[in-house]
Amino acid sequence: QRSQQLKHSAWLAQAPHRLNSGLPMNIGVLFVPQQEAWVVERMGKFHRILEPGLNFLIPLLDRIRYVQSLKEIVINVPEQSAVTLDNVTLQIDGVLYLRVMDPYKASYGVEDPEYAVTQLAQTTMRSELGKLSLDRVFRERESLNASIVDAINQASDCWGIRCLRYEIKDIHVPPRVKESMQMQVEAERRKRATVLESEGTRESAINVAEGQKQAQILASEAEKAEQINKAAGREANAMLVKARAKAEAIQLLAAALAQQHGSAAASLSVAEQYVNAFSKLAKDSNTLLLPANTGDVTNMVAQALGIYSTLTKPQAVKTQDEMPTAREDPQPPPTEMLKAEESSSS
């Protein structure tokens, strides 16, 4: 018990001293400061709580037993050791923010409310840290603080005290664990750097390949368009040249046929082409279709001339129809007609 009292006195010496008016004497007329509550006992029994301002008491019968501050109180939670879920010992200290909500409960519910709340905060911190691993302790400090505040408020409700906030100030890790954590962080950073570099190389290769692909596609399309344009130009020019040559040939042929003895020359050309066509039949295929009188060249030429005369006859008739009608020739005299009949009969 003596050791506990020494510890309690040592803790009170370390804790910051709250400014209050102490225990004033009852002189009958009292002035209570703002944000303070004075608990009055009459003949050793609770009588009332004095409000801020002017108050009157009966000397000798009334006694001011407790003075509670209604301001927010800041308490420094001493450093303590706690073991995490993965068996790592940590040294943690924090700051506790309190406020007295009910002066009667704070005076008669617990002997030293601030000390009780501080011890409750330490035990709650140990129990909450035992549920978390080392990595989660650093990531979930806010949730850890909220859990400690909820646990303190559940226990301190009957004490008339409410915990407003709890903040962890420092977390001290053993040196060897700290070195391991540093090595882990460096390895993780090297891994991320390697991954990022590989992803950059991959993206670069993909971009280069896509660029080459697009360049080849565009080049092939340009070459295709160029070939199409060239081919279209060559074919168009060739067709124009052939058409012009054919037109000139037709004009020359028409001019030649219009001259004297043109029909005879055309008949001779058709006969030659007919004969040459029969001379080339055996060069292209073994199966031949020949007329019955192939050996009769005279008959073949006559047939070719007949075909030409048949084709040219409608043109001749048309030209005769288009020509103006000439005057009828006078009939020869009878004597000349008789001479012609005699010569024909002879």
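A few points on the structure. It should be emphasised that the depicted structure is a prediction, and the values quoted were computed from it without experimental measurement. (Residues numbered from 1 in each chain as written. Predicted model: local features only at pLDDT ≥ 70, side-chain atom pairs only at ≥ 80, totals over all residues. Heavy atoms only, no water.)

Pairing within the open sheet is antiparallel, and its three strands lie in the order β3-β2-β5. Each edge of the sheet is formed by a strand with only one pairing partner; in this case those strands are β3 (45-50) and β5 (62-69). Between one strand axis and the next, the sheet turns by 25° as a mean value, whatever way the strands run. As paired elements, strand β2 (residues 36-42) and β5 share seven bridges and run antiparallel to each other. Of the residues in β5, the one forming a bridge with Ala-37 is Gln-68. (Pairing = 2+ DSSP bridges. Helix = DSSP H or I, 4+ residues; strand = E, 2+ residues; numbered from the N terminus. Axes fitted to C-alpha atoms, helices over the stretch in contact; angles between N-to-C directions.)

A few words now on the pattern of salt bridges. All chains considered together, the criterion is met by six salt bridges. For the salt bridge of Arg-165 with Glu-72, the shortest nitrogen-to-oxygen distance reads 3.0 Å. Here the residue Arg-165 occupies a position in strand β8 (residues 161-172), and Glu-72 occupies one in strand β6 (residues 72-83), the gap between them amounting to 93 residues. Among the ionic pairs, Lys-131 bridges to Glu-128, the shortest N-O distance being 3.7 Å. Here Glu-128 falls in the buried class, since its relative accessible area comes to 16%. In this structure, a network of salt bridges that share partners links the residues Glu-72, Arg-99 and Arg-165. (Salt bridge = Lys/Arg side-chain N within 4 Å of Asp/Glu carboxyl O. Buried < 20%, exposed > 50% of the residue type's maximum accessible area, 1.4 Å probe, protein only.)

Okay, the packing of aromatic side chains next. Under the defined criterion, the tally for this structure stands at four aromatic pairs. Ring geometry for Phe-46 against Tyr-108: centres 6.0 Å apart, planes inclined by 80°, an arrangement best described as edge-to-face. On the criterion of sequence distance, the pair formed by Phe-46 in strand β3 and Tyr-108 in helix α2 (residues 103-108) is long-range, its members being 62 residues apart. Judged by relative accessible area, which is 31%, Phe-46 ranks as partly exposed. With 5.4 Å between their ring centres and 80° between their planes, Tyr-66 and Tyr-108 make a pair best called edge-to-face. Of this pair, Tyr-66 sits in strand β5 while Tyr-108 sits in helix α2, placing them 42 residues apart in sequence. Given the relative accessible area of 33%, Tyr-108 is considered partly exposed. Sitting over the face of the ring of Tyr-66, Arg-65 holds its NZ or CZ atom 4.9 Å from the ring centroid. (Phe/Tyr/Trp six-rings, centres within 6.5 Å; stacked < 30°, edge-to-face > 60°. Lys NZ or Arg CZ within 6 Å of the ring centre and 35° of its normal.)

Positive phi is not limited to glycine here, since Met-43 has a value of about 55°. Of note, Met-43 is situated in the loop between β2 and β3. Take Met-43: its relative accessible area is 67%, and that puts it in the exposed class. We note that Leu-60 has phi near 70°; this positive angle belongs to a residue other than glycine. Tracing the backbone shows Leu-60 in the loop between β4 (53-56) and β5. Take Leu-60: its relative accessible area is 88%, and that puts it in the exposed class.

All right, on to helix α3 (residues 113-129) then. Taking 1.5 Å of rise per residue, the 17 residues of α3 would be expected to cover 24 Å, and the 24 Å separating its terminal C-alpha atoms lies within 8% of that figure. Counting buried positions along α3 gives 12 out of 17 residues, so the element sits mostly inside the fold. For α3, every residue scored as buried is listed here: Pro-113, Glu-114, Ala-116, Val-117, Thr-118, Leu-120, Ala-121, Gln-122, Thr-124, Met-125, Glu-128 and Leu-129. (Expected span 1.5 Å × (residues − 1).)

A few words on the sheet that holds β6. Taking strand neighbours across the sheet as the criterion, the three strands line up as β6-β7-β8 in an open arrangement whose pairing is antiparallel. Every interior strand has two partners, whereas the edge strands, β6 and β8, have only one. Each adjacent strand pair in this sheet contributes to an overall mean axis angle of 20°, direction not counted. With 10 bridges joining them, strand β7 (residues 89-100) and β8 adopt antiparallel strand pairing. Bridge pairing in β8 links Asp-93 to Asp-170.

What follows deals with the pairing of β6. Bridge count between β6 and β7: 10 bridges; the pairing is antiparallel. Its bridge partner being in β7, Ile-75 is matched across the sheet by Leu-96. Taking the residues between adjacent antiparallel strands as the criterion, β6 and β7 are bridged by five residues, where Asn-87 takes a positive phi near 60°.

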